[in-house]
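Spelled out, the chains give:
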Amino acid sequence: MAPSDQSRHSLVPGFLYSSKTTSHLDALRNTNHGLPPSTTTSSIISHLSSSSSSSPSQGSTRSPMIPAPKESIRMFSPAYYAACSAGGIFSCGLTHMAVTPLDLVKCNMQIDPVKYKNITSGFGVLLKEQGVKGFFRGWVPTLFGYSAQGACKFGFYEFFKKYYSDLAGPENAAKYKTFIYLAGSASAEVIADIALCPMEAVKVRVQTQPGFARGLSDGLPKFVKAEGAAGLYKGIVPLWGRQIPYTMMKFASFETIVEMIYKNVIPIPKEKCSKKEQLGVSFAAGYVAGVLCAIVSHPADNLVSFLNNSKGATVGDAVKKIGLMGLFTRGLPLRIVMIGTLTGAQWGLYDSFKVFVGLPTSGGSAPAPAK
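Every residue gets a number counted from 1 within its own chain, in the order that chain's sequence is written. Reporting in this predicted model follows two pLDDT cut-offs: at least 70 for local features of residues, and 80 or more for side-chain atom pairs to be given and counted; totals over whole chains, interfaces and linings ignore these cut-offs and use all residues. By convention in this description, side-chain values take in all heavy atoms of the structure and omit both hydrogens and water.

Here we take up the overall build of the chain. The helix and strand labels rest on DSSP assignments: H or I over at least four residues marks a helix, E over at least two residues marks a strand, and numbering proceeds from the N terminus. For the chain, the helix and strand inventory stands at 15 helices and two strands. Partly exposed residues are those whose accessible area sits between 20% and 50% of the maximum for their type, while under 20% is buried and over 50% is exposed, using a 1.4 Å probe and protein chains only. For the chain, the proportion of its 371 residues judged to be buried stands at 50%. Taking the contacts inside the chain whose residues are at least 6 apart along the sequence as the reference set, 78% of them involve residues at least 24 apart. Note on areas: Shrake-Rupley, 1.4 Å probe, and residue coverage restricted to the protein chains presented here. Working note: accessible area of the chain is about 17,200 Å², and carbon and sulfur atoms make up 67% of it. When checking whether two residues touch, look at their non-hydrogen atoms; a contact exists if any pair is within 4.5 Å.

As a further point, take empty space enclosed by the protein. Think of a 1 Å grid over just the protein atoms. A cavity is a set of points where a 1.4 Å probe fits yet cannot get out, a pocket is an open set with protein on both sides within 12 Å along at least five of seven lines, and lining residues have an atom within 4 Å of a point. Grid points are joined across faces, edges and corners, and a volume is the space filled by probe spheres set on the points. Per the stated rule, a full pass over the model turns up two cavities of 30 Å³ or more. When its volume is computed, the largest cavity comes out at roughly 180 Å³. Elements supplying a minimum of two residues to the lining of the largest cavity: helix H4 (78-98), helix H5 (100-111), helix H7 (139-168), helix H9 (177-208), helix H11 (236-265) and helix H15 (332-356). Residue polarity follows a fixed list, in which Ala, Val, Leu, Ile, Met, Phe, Trp, Tyr, Cys and Pro are nonpolar, Asp, Glu, Lys and Arg are charged, and the others, Gly among them, are polar. Here the lining of the largest cavity is composed, by residue class, of six nonpolar, five polar and nine charged.

Here the focus is helix H12 (residues 275-309). For H12, built from 35 residues, the straight-helix expectation of 51 Å at 1.5 Å per residue is missed by more than 12%, its first-to-last C-alpha distance being only 44 Å. Two axes enter the definition of the bend at a residue: one is fitted to the seven residues ending there, the other to the seven starting there, and the bend is the angle between them. If you look at H12, its biggest bend is around 55 degrees, right at His298, and the proline Pro299 turns up within four residues after that. For a helix, the expected span equals 1.5 Å multiplied by the residue count minus one.

With that out of the way, let us pick up the nonpolar core. We define the nonpolar core as a collection of buried residues of types Ala, Val, Leu, Ile, Met, Phe, Trp, Tyr and Cys that are connected through side-chain atoms lying within 4.5 Å of one another. Residues Tyr80 and Leu359 are the most contacted members of the largest nonpolar core, which totals 29 residues. Tallying contributions element by element places H11 first for this core, with seven residues. Among the nonpolar cores identified, the runner-up in size contains nine residues, and Val202, Phe212, Ala213 and Leu216 belong to it.

So, on to unusual backbone geometry. Of note, the phi angle at Phe76 is positive, near 65 degrees, even though the residue is not glycine. By the element assignment, Phe76 lies in the loop between strand S2 (66-67) and H4.

Following the sequence through the fold, Met338 ends up in helix H15. Put simply, Met338 and Lys106 are 232 residues apart on the chain and 9.2 Å apart in space, counted from C-alpha to C-alpha.

So, about the pattern of salt bridges. Salt bridges are identified by distance alone: a Lys or Arg side-chain nitrogen within 4 Å of an Asp or Glu carboxyl oxygen. Applying the stated criterion across every chain yields a total of 15 salt bridges. Salt-bridge contacts for Lys115 lead to Glu129; the nearest nitrogen and oxygen are separated by 2.9 Å. On the criterion of sequence distance, the pair formed by Lys115 in the loop between H5 and helix H6 (119-130) and Glu129 in helix H6 is long-range, its members being 14 residues apart. Two residues, Asp218 and Arg214, come together in a salt bridge whose shortest N-O distance is 3.9 Å. Overlapping salt bridges bring together Asp103, Lys106, Glu200, Lys203, Arg242, Asp301 and Arg335 as one network.

On to the environment of Phe179, then. Looking at where Phe179 falls in the secondary structure, it is placed in helix H9. Each C-alpha atom, one on Phe179 and one on Lys161, is 9.8 Å from the other, the two residues being 18 residues apart in sequence.

Time to look at the confidence of the model for the chain. As a per-residue measure, pLDDT reflects the predictor's confidence and takes values from 0 up to 100. Per-residue confidence for the chain averages 80 on the pLDDT scale, and 79% of its residues sit at or above 70. For the chain, helix H1 (residues 3-9) is the element with the lowest average pLDDT, namely 40, and H7 is the one with the highest, namely 95. Segment residues 1-35 is flagged for pLDDT under 50; beyond a separation of four residues in sequence, or across chains, it makes 62 contacts in the model. Overall, residues 366-371 carries pLDDT values under 50, and its contacts beyond four positions in sequence, including any with other chains, amount to 18 contacts.

It is worth spelling out a nonpolar patch on the surface at this point. Only residues whose relative accessible area exceeds 30% and that take part in no salt bridge are eligible for patches, with like-charged residues grouped when within 9 Å of each other and nonpolar side chains (Val, Leu, Ile, Met, Phe, Trp, Tyr) grouped when within 5 Å. A contiguous nonpolar patch, built from Phe156, Phe159, Tyr163 and Leu167 and spanning about 390 Å² of accessible area, is present on the exposed surface. Mapped onto the secondary structure, Phe159 falls in helix H7.

Note on aromatic pairs: the rings of Phe, Tyr and Trp (six-membered ring only in Trp) are paired at centre separations within 6.5 Å, and the planes decide the class, stacked below 30 degrees, edge-to-face beyond 60, tilted for the rest. Within this structure, the stated rule accounts for 20 aromatic pairs. Taken together, a centroid distance of 5.5 Å and an interplanar angle of 65 degrees make the contact between Tyr80 and Tyr81 edge-to-face. With centroids separated by 5.5 Å and ring planes inclined at 45 degrees, the aromatic side chains of Phe123 and Phe135 adopt a geometry described as tilted. Placement of Phe123 in helix H6 and of Phe135 in the loop between H6 and H7 is noted, with a sequence separation of twelve residues between them. On the accessibility criterion, Phe135 (12% relative accessible area) is buried. Members of the aromatic cluster, connected to one another through ring pairs, are Phe76, Tyr80, Tyr81, Phe156, Phe159, Phe160, Tyr163 and Tyr164. Cation placement over rings: the criterion is NZ of Lys or CZ of Arg within 6 Å of the ring centroid and within 35° of the ring normal. In this structure, Arg205 packs its charged tip against the face of Phe212, placed 5.6 Å from the ring centre.

See below:
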(Lines give C-alpha, C1' and ligand atoms only; values in the text may rest on other atoms or scores of the structure.)
Protein backbone atom coordinates (compact mmCIF):
# COMPACT_ATOMS: atom_id res chain seq x y z
CA MET A 1 0.00 0.00 0.00
CA ALA A 2 1.38 3.42 -0.92
CA PRO A 3 2.10 5.94 1.87
CA SER A 4 -0.80 8.13 0.79
CA ASP A 5 -3.16 5.15 0.96
CA GLN A 6 -1.86 4.29 4.43
CA SER A 7 -2.50 7.80 5.71
CA ARG A 8 -6.03 7.76 4.36
CA HIS A 9 -6.67 4.33 5.84
CA SER A 10 -5.43 5.46 9.27
CA LEU A 11 -8.27 8.01 9.38
CA VAL A 12 -10.82 5.21 9.74
CA PRO A 13 -10.55 3.29 13.05
CA GLY A 14 -12.53 0.15 12.29
CA PHE A 15 -13.51 -0.42 15.91
CA LEU A 16 -15.43 2.89 16.06
CA TYR A 17 -17.22 3.01 12.73
CA SER A 18 -17.26 1.10 9.50
CA SER A 19 -17.97 2.19 5.97
CA LYS A 20 -19.21 -0.42 3.54
CA THR A 21 -17.58 1.23 0.60
CA THR A 22 -14.31 1.72 2.50
CA SER A 23 -14.11 -1.92 3.49
CA HIS A 24 -14.93 -3.07 -0.03
CA LEU A 25 -12.34 -0.70 -1.48
CA ASP A 26 -9.66 -2.08 0.80
CA ALA A 27 -10.64 -5.63 -0.08
CA LEU A 28 -10.57 -4.88 -3.79
CA ARG A 29 -7.19 -3.21 -3.56
CA ASN A 30 -5.75 -6.16 -1.64
CA THR A 31 -7.21 -8.95 -3.77
CA ASN A 32 -7.33 -6.90 -7.00
CA HIS A 33 -10.53 -8.74 -8.07
CA GLY A 34 -9.30 -8.63 -11.61
CA LEU A 35 -8.95 -4.86 -11.58
CA PRO A 36 -5.71 -3.21 -12.73
CA PRO A 37 -3.65 -1.32 -10.08
CA SER A 38 -4.38 1.98 -11.78
CA THR A 39 -8.14 1.61 -11.38
CA THR A 40 -9.63 4.78 -9.85
CA THR A 41 -11.83 4.89 -6.76
CA SER A 42 -14.85 5.94 -8.77
CA SER A 43 -14.36 2.96 -11.09
CA ILE A 44 -14.17 0.61 -8.13
CA ILE A 45 -17.36 2.08 -6.68
CA SER A 46 -19.11 1.56 -10.01
CA HIS A 47 -17.83 -2.01 -10.03
CA LEU A 48 -19.23 -2.53 -6.51
CA SER A 49 -22.63 -1.17 -7.52
CA SER A 50 -22.91 -3.52 -10.48
CA SER A 51 -21.69 -6.56 -8.59
CA SER A 52 -23.27 -6.10 -5.17
CA SER A 53 -26.49 -7.91 -6.07
CA SER A 54 -24.63 -10.99 -7.32
CA SER A 55 -21.93 -11.10 -4.61
CA PRO A 56 -22.47 -13.91 -2.09
CA SER A 57 -22.67 -13.15 1.61
CA GLN A 58 -19.39 -13.43 3.49
CA GLY A 59 -20.90 -15.16 6.48
CA SER A 60 -23.79 -14.56 8.81
CA THR A 61 -21.84 -12.73 11.55
CA ARG A 62 -23.30 -9.29 12.03
CA SER A 63 -20.88 -6.38 12.25
CA PRO A 64 -21.03 -4.50 15.58
CA MET A 65 -19.85 -1.30 13.94
CA ILE A 66 -21.89 1.76 13.00
CA PRO A 67 -22.19 2.12 9.20
CA ALA A 68 -21.89 5.51 7.60
CA PRO A 69 -25.25 5.92 5.82
CA LYS A 70 -23.77 7.90 2.94
CA GLU A 71 -20.36 7.95 1.36
CA SER A 72 -20.23 11.67 0.56
CA ILE A 73 -18.15 12.18 3.74
CA ARG A 74 -15.66 9.54 4.70
CA MET A 75 -15.60 8.76 8.41
CA PHE A 76 -12.72 10.46 10.26
CA SER A 77 -11.49 12.26 7.21
CA PRO A 78 -10.74 16.01 7.34
CA ALA A 79 -14.17 16.57 5.77
CA TYR A 80 -15.74 14.58 8.61
CA TYR A 81 -14.14 16.76 11.29
CA ALA A 82 -15.10 19.88 9.34
CA ALA A 83 -18.72 18.68 9.24
CA CYS A 84 -18.69 18.04 13.00
CA SER A 85 -17.27 21.53 13.57
CA ALA A 86 -20.00 23.03 11.39
CA GLY A 87 -22.59 21.11 13.38
CA GLY A 88 -21.07 22.53 16.56
CA ILE A 89 -21.42 26.08 15.26
CA PHE A 90 -25.02 25.40 14.30
CA SER A 91 -25.97 23.82 17.62
CA CYS A 92 -24.06 25.91 20.18
CA GLY A 93 -24.29 29.37 18.59
CA LEU A 94 -28.03 29.28 17.95
CA THR A 95 -29.03 27.67 21.25
CA HIS A 96 -26.99 30.01 23.44
CA MET A 97 -28.32 33.02 21.55
CA ALA A 98 -31.89 31.75 22.01
CA VAL A 99 -31.55 31.54 25.81
CA THR A 100 -29.97 35.00 26.16
CA PRO A 101 -32.86 36.25 28.37
CA LEU A 102 -32.36 33.38 30.82
CA ASP A 103 -28.61 33.89 30.78
CA LEU A 104 -29.07 37.61 31.39
CA VAL A 105 -31.24 37.07 34.46
CA LYS A 106 -28.91 34.34 35.74
CA CYS A 107 -25.81 36.56 35.46
CA ASN A 108 -27.53 39.44 37.27
CA MET A 109 -28.78 37.13 40.04
CA GLN A 110 -25.18 36.02 40.54
CA ILE A 111 -23.81 39.58 40.63
CA ASP A 112 -26.58 41.34 42.60
CA PRO A 113 -28.78 38.83 44.49
CA VAL A 114 -30.33 41.63 46.59
CA LYS A 115 -31.83 43.35 43.56
CA TYR A 116 -32.47 40.17 41.54
CA LYS A 117 -33.89 37.94 44.27
CA ASN A 118 -35.30 35.16 42.09
CA ILE A 119 -36.23 34.31 38.53
CA THR A 120 -39.61 36.05 38.57
CA SER A 121 -38.41 39.26 40.19
CA GLY A 122 -35.30 39.22 37.99
CA PHE A 123 -37.37 39.28 34.82
CA GLY A 124 -39.61 41.94 36.36
CA VAL A 125 -36.70 44.24 37.23
CA LEU A 126 -35.18 43.89 33.78
CA LEU A 127 -38.49 44.54 32.06
CA LYS A 128 -39.16 47.64 34.18
CA GLU A 129 -35.67 49.14 33.80
CA GLN A 130 -34.71 48.16 30.25
CA GLY A 131 -37.85 47.07 28.43
CA VAL A 132 -38.25 44.05 26.18
CA LYS A 133 -35.08 44.89 24.23
CA GLY A 134 -33.10 44.56 27.42
CA PHE A 135 -33.73 40.82 27.51
CA PHE A 136 -31.47 40.30 24.48
CA ARG A 137 -28.63 42.55 25.55
CA GLY A 138 -25.35 40.82 24.72
CA TRP A 139 -26.75 38.45 22.10
CA VAL A 140 -24.05 39.26 19.52
CA PRO A 141 -21.01 38.30 21.67
CA THR A 142 -23.04 35.31 22.81
CA LEU A 143 -23.62 34.17 19.23
CA PHE A 144 -20.04 34.73 18.10
CA GLY A 145 -18.42 33.34 21.24
CA TYR A 146 -20.43 30.15 21.51
CA SER A 147 -20.32 29.50 17.77
CA ALA A 148 -16.51 29.50 17.96
CA GLN A 149 -16.63 27.39 21.09
CA GLY A 150 -19.06 24.90 19.51
CA ALA A 151 -16.89 24.46 16.43
CA CYS A 152 -13.85 23.62 18.55
CA LYS A 153 -15.77 21.60 21.13
CA PHE A 154 -17.50 19.17 18.78
CA GLY A 155 -14.85 19.04 16.07
CA PHE A 156 -11.93 18.45 18.43
CA TYR A 157 -13.94 16.03 20.57
CA GLU A 158 -14.46 13.77 17.58
CA PHE A 159 -10.76 14.12 16.73
CA PHE A 160 -9.45 13.42 20.24
CA LYS A 161 -11.90 10.58 20.81
CA LYS A 162 -10.58 8.83 17.72
CA TYR A 163 -6.96 9.75 18.55
CA TYR A 164 -7.11 8.37 22.09
CA SER A 165 -8.98 5.28 20.89
CA ASP A 166 -6.18 4.61 18.43
CA LEU A 167 -3.57 5.02 21.18
CA ALA A 168 -5.44 2.63 23.46
CA GLY A 169 -6.09 0.01 20.80
CA PRO A 170 -9.37 -1.76 20.03
CA GLU A 171 -9.66 -3.85 23.20
CA ASN A 172 -8.70 -1.10 25.66
CA ALA A 173 -10.82 1.44 23.75
CA ALA A 174 -13.86 -0.73 24.39
CA LYS A 175 -12.91 -1.52 27.98
CA TYR A 176 -12.12 2.05 28.99
CA LYS A 177 -14.45 3.92 26.67
CA THR A 178 -15.70 6.27 29.41
CA PHE A 179 -12.15 7.43 30.13
CA ILE A 180 -11.67 8.08 26.42
CA TYR A 181 -14.87 10.17 26.35
CA LEU A 182 -13.65 12.15 29.37
CA ALA A 183 -10.14 12.69 28.02
CA GLY A 184 -11.37 13.61 24.54
CA SER A 185 -13.93 16.12 25.77
CA ALA A 186 -11.51 17.73 28.25
CA SER A 187 -8.86 18.15 25.55
CA ALA A 188 -11.38 19.68 23.18
CA GLU A 189 -12.72 22.11 25.76
CA VAL A 190 -9.28 23.50 26.59
CA ILE A 191 -9.08 24.71 22.98
CA ALA A 192 -12.74 25.72 22.79
CA ASP A 193 -12.48 28.03 25.81
CA ILE A 194 -9.57 29.92 24.30
CA ALA A 195 -11.92 30.78 21.45
CA LEU A 196 -14.81 31.61 23.81
CA CYS A 197 -13.10 33.63 26.57
CA PRO A 198 -12.89 37.10 24.92
CA MET A 199 -16.55 37.07 23.89
CA GLU A 200 -17.61 35.74 27.30
CA ALA A 201 -15.80 38.61 29.03
CA VAL A 202 -17.52 41.23 26.87
CA LYS A 203 -20.90 39.49 27.18
CA VAL A 204 -20.86 39.47 30.98
CA ARG A 205 -19.79 43.12 31.17
CA VAL A 206 -22.52 44.21 28.72
CA GLN A 207 -25.20 42.18 30.50
CA THR A 208 -24.39 43.13 34.09
CA GLN A 209 -23.39 46.80 33.77
CA PRO A 210 -26.20 48.80 32.15
CA GLY A 211 -24.84 51.72 30.18
CA PHE A 212 -21.42 50.11 29.68
CA ALA A 213 -22.12 49.32 26.00
CA ARG A 214 -24.92 48.39 23.63
CA GLY A 215 -23.23 45.21 22.43
CA LEU A 216 -20.09 43.77 20.87
CA SER A 217 -19.18 46.57 18.46
CA ASP A 218 -18.75 49.20 21.18
CA GLY A 219 -18.32 46.85 24.14
CA LEU A 220 -15.13 45.17 22.90
CA PRO A 221 -13.16 48.42 22.36
CA LYS A 222 -14.35 49.78 25.72
CA PHE A 223 -13.36 46.59 27.48
CA VAL A 224 -9.89 46.53 25.91
CA LYS A 225 -9.39 50.23 26.71
CA ALA A 226 -10.33 49.69 30.35
CA GLU A 227 -8.64 46.34 31.01
CA GLY A 228 -6.14 45.91 28.19
CA ALA A 229 -6.14 43.07 25.67
CA ALA A 230 -4.92 40.66 28.38
CA GLY A 231 -8.08 41.49 30.35
CA LEU A 232 -10.11 39.55 27.81
CA TYR A 233 -8.47 36.40 29.19
CA LYS A 234 -8.67 37.36 32.88
CA GLY A 235 -11.38 34.77 33.37
CA ILE A 236 -9.76 31.93 31.38
CA VAL A 237 -8.84 29.81 34.42
CA PRO A 238 -12.33 30.04 36.02
CA LEU A 239 -13.77 29.47 32.55
CA TRP A 240 -11.75 26.27 32.23
CA GLY A 241 -12.89 25.41 35.74
CA ARG A 242 -16.50 25.82 34.64
CA GLN A 243 -16.42 24.48 31.11
CA ILE A 244 -14.03 21.51 31.32
CA PRO A 245 -16.04 19.64 34.00
CA TYR A 246 -19.21 20.71 32.20
CA THR A 247 -18.03 19.34 28.86
CA MET A 248 -16.61 16.15 30.35
CA MET A 249 -19.98 15.51 31.97
CA LYS A 250 -21.81 16.60 28.83
CA PHE A 251 -20.11 14.16 26.48
CA ALA A 252 -19.37 11.20 28.75
CA SER A 253 -22.84 11.13 30.30
CA PHE A 254 -24.51 11.66 26.92
CA GLU A 255 -22.62 8.75 25.37
CA THR A 256 -23.43 6.54 28.35
CA ILE A 257 -27.10 7.53 28.55
CA VAL A 258 -27.65 6.97 24.82
CA GLU A 259 -26.06 3.53 25.09
CA MET A 260 -28.26 2.69 28.10
CA ILE A 261 -31.43 3.86 26.31
CA TYR A 262 -30.75 1.65 23.30
CA LYS A 263 -29.82 -1.25 25.55
CA ASN A 264 -32.58 -1.06 28.17
CA VAL A 265 -35.45 1.15 26.97
CA ILE A 266 -35.84 0.75 23.21
CA PRO A 267 -36.54 -2.88 22.27
CA ILE A 268 -34.88 -2.69 18.84
CA PRO A 269 -31.27 -1.96 17.84
CA LYS A 270 -30.30 1.61 17.03
CA GLU A 271 -29.72 0.91 13.34
CA LYS A 272 -33.35 -0.27 13.03
CA CYS A 273 -34.76 2.89 14.61
CA SER A 274 -35.93 5.70 12.36
CA LYS A 275 -33.92 8.89 12.21
CA LYS A 276 -36.69 10.72 14.09
CA GLU A 277 -36.51 8.16 16.89
CA GLN A 278 -32.73 8.44 17.03
CA LEU A 279 -32.92 12.24 17.20
CA GLY A 280 -35.48 11.96 20.00
CA VAL A 281 -33.03 9.80 21.94
CA SER A 282 -30.31 12.39 21.33
CA PHE A 283 -32.47 15.18 22.76
CA ALA A 284 -33.59 13.17 25.81
CA ALA A 285 -30.07 12.01 26.63
CA GLY A 286 -28.75 15.53 26.06
CA TYR A 287 -31.29 17.04 28.46
CA VAL A 288 -30.39 14.65 31.28
CA ALA A 289 -26.70 15.23 30.60
CA GLY A 290 -27.31 19.00 30.72
CA VAL A 291 -28.86 18.83 34.20
CA LEU A 292 -25.79 16.96 35.45
CA CYS A 293 -23.53 19.48 33.71
CA ALA A 294 -25.24 22.44 35.39
CA ILE A 295 -24.74 21.01 38.87
CA VAL A 296 -21.08 20.10 38.34
CA SER A 297 -20.01 23.39 36.76
CA HIS A 298 -22.12 25.89 38.71
CA PRO A 299 -19.55 27.10 41.30
CA ALA A 300 -17.13 28.04 38.52
CA ASP A 301 -19.95 29.76 36.63
CA ASN A 302 -20.50 32.06 39.62
CA LEU A 303 -16.78 32.82 39.68
CA VAL A 304 -16.71 33.69 35.97
CA SER A 305 -19.62 36.10 36.33
CA PHE A 306 -18.08 37.78 39.39
CA LEU A 307 -14.58 38.19 37.91
CA ASN A 308 -15.75 39.53 34.56
CA ASN A 309 -18.00 42.07 36.30
CA SER A 310 -15.48 43.40 38.84
CA LYS A 311 -12.25 45.09 37.76
CA GLY A 312 -9.21 43.75 39.58
CA ALA A 313 -11.19 41.13 41.52
CA THR A 314 -9.65 37.79 42.45
CA VAL A 315 -11.05 34.33 43.11
CA GLY A 316 -10.51 34.93 46.81
CA ASP A 317 -12.61 38.10 46.63
CA ALA A 318 -15.39 36.16 44.94
CA VAL A 319 -15.40 33.38 47.54
CA LYS A 320 -15.35 35.92 50.36
CA LYS A 321 -18.26 37.95 49.00
CA ILE A 322 -20.46 35.17 47.61
CA GLY A 323 -19.63 32.55 50.23
CA LEU A 324 -18.87 28.88 49.67
CA MET A 325 -22.51 27.84 49.84
CA GLY A 326 -23.47 30.69 47.53
CA LEU A 327 -21.02 29.44 44.90
CA PHE A 328 -22.91 26.15 44.73
CA THR A 329 -26.49 27.44 45.07
CA ARG A 330 -26.85 31.03 43.83
CA GLY A 331 -28.77 30.94 40.54
CA LEU A 332 -28.63 27.11 40.34
CA PRO A 333 -32.35 26.35 39.69
CA LEU A 334 -32.45 28.74 36.74
CA ARG A 335 -29.18 27.37 35.40
CA ILE A 336 -30.48 23.78 35.62
CA VAL A 337 -33.50 24.73 33.51
CA MET A 338 -31.35 26.73 31.10
CA ILE A 339 -28.50 24.24 30.69
CA GLY A 340 -30.77 21.19 30.55
CA THR A 341 -32.83 22.69 27.76
CA LEU A 342 -29.75 24.09 26.09
CA THR A 343 -27.81 20.83 26.10
CA GLY A 344 -30.76 18.76 24.93
CA ALA A 345 -31.35 21.17 22.06
CA GLN A 346 -27.65 21.19 21.21
CA TRP A 347 -27.44 17.43 20.84
CA GLY A 348 -30.69 17.39 18.87
CA LEU A 349 -29.47 20.08 16.47
CA TYR A 350 -25.97 18.61 16.22
CA ASP A 351 -27.26 15.15 15.31
CA SER A 352 -29.85 16.65 12.95
CA PHE A 353 -27.01 18.37 11.11
CA LYS A 354 -25.02 15.12 11.01
CA VAL A 355 -27.99 13.26 9.57
CA PHE A 356 -28.51 16.04 7.02
CA VAL A 357 -24.95 15.67 5.70
CA GLY A 358 -25.13 11.87 5.74
CA LEU A 359 -23.41 10.93 9.01
CA PRO A 360 -24.61 8.64 11.82
CA THR A 361 -26.20 10.07 14.94
CA SER A 362 -23.98 10.24 18.02
CA GLY A 363 -23.54 7.58 20.67
CA GLY A 364 -25.31 4.29 21.15
CA SER A 365 -22.54 1.87 20.30
CA ALA A 366 -19.39 1.11 22.23
CA PRO A 367 -16.17 0.46 20.31
CA ALA A 368 -15.94 -3.21 19.38
CA PRO A 369 -12.87 -4.98 20.86
CA ALA A 370 -10.50 -6.65 18.46
CA LYS A 371 -10.86 -10.41 18.22
